[in-house]
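One-letter residues, chain by chain:
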Amino acid sequence: MGTSAQEEMRRFWDRNTRSGRPLSPHVSIYKWSLPMAMSITHRGTGVALSLGVSLFSLAALLLPEHFPHYLAQVRALSLGPALILSAKFLLALPVSYHTWNGVRHLV
């Protein structure tokens, strides 16, 4: 009979430790660059936008009232213009970044 997966892994790590080889690829050997950071940010904003749209659509389907009702509740909070502007900016920033970075990638 053949060896088990645990025995194979133990043999692999023993051989790797004896030879002194580093783990590859290892995060510590890469130097951070602007394209790498932009790629990671693009993926993060894409995941965040997809989760946001999914949650918003799920809420639209499951919540008992229509959207104007919830909008009126937010308006009734009487939030200051600075807070409203900041919230709009924080919502628009990932959309803008993801869109323009996608256009940059295509070009």
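With an unreviewed UniProt entry as reference, the protein is termed Succinate dehydrogenase cytochrome b560 subunit, mitochondrial, source organism Cettia cetti. The protein has a UniProt comment under Subunit (unreviewed entry) that states "Component of complex II composed of four subunits: the flavoprotein (FP) SDHA, iron-sulfur protein (IP) SDHB, and a cytochrome b560 composed of SDHC and SDHD."

What follows concerns the packing of aromatic side chains. Applying the stated criterion across every chain, the model contains 2 aromatic pairs. On the basis of an interplanar angle of 75° and a centroid distance of 5.1 Å, the ring pair of Phe12 and Trp13 is categorised as edge-to-face. When its relative accessible area of 38% is taken as the criterion, Trp13 is described as partly exposed. Aromatic side chains Phe56 and Phe67 sit 6.1 Å apart centroid to centroid with 70° between the ring planes, which places their arrangement in the edge-to-face category. Pair noted here: Phe56 is in helix H2 (residues 34-62) and Phe67 is in helix H3 (residues 67-76), with a separation of 11 residues, a long-range link. The exposure classification of Phe56 matches that of Phe67, with both residues exposed.

Using the residue numbers shown here, the UniProt feature "binding site: heme" (unreviewed entry) corresponds to His98. Within the element layout of this structure, His98 appears in helix H4 (residues 81-106). Once residues within four sequence positions are removed from consideration, His98 is found in contact with His42, Thr45, Gly46 and Leu49. At 3.1 Å, the side chain of His98 forms a polar contact with the backbone oxygen of His42.

Moving on to unusual backbone geometry. A positive phi is found at Ser78, a non-glycine position, where the angle reads about 55°. Within the fold, Ser78 resides in the loop between H3 and H4. According to the relative accessible area criterion, Ser78 is exposed, its value standing at 61%.

What counts, and at which threshold
Residues numbered from 1 in each chain as written. Predicted model: local features only at pLDDT ≥ 70, side-chain atom pairs only at ≥ 80, totals over all residues. Heavy atoms only, no water. UniProt positions renumbered as here; feature names shortened; annotations may be inferred. Phe/Tyr/Trp six-rings, centres within 6.5 Å; stacked < 30°, edge-to-face > 60°. Buried < 20%, exposed > 50% of the residue type's maximum accessible area, 1.4 Å probe, protein only. Helix = DSSP H or I, 4+ residues; strand = E, 2+ residues; numbered from the N terminus. Contact = heavy atoms within 4.5 Å. Polar contact = N/O pair within 3.5 Å; in protein donor to acceptor, adjacent residues only side chain to side chain.

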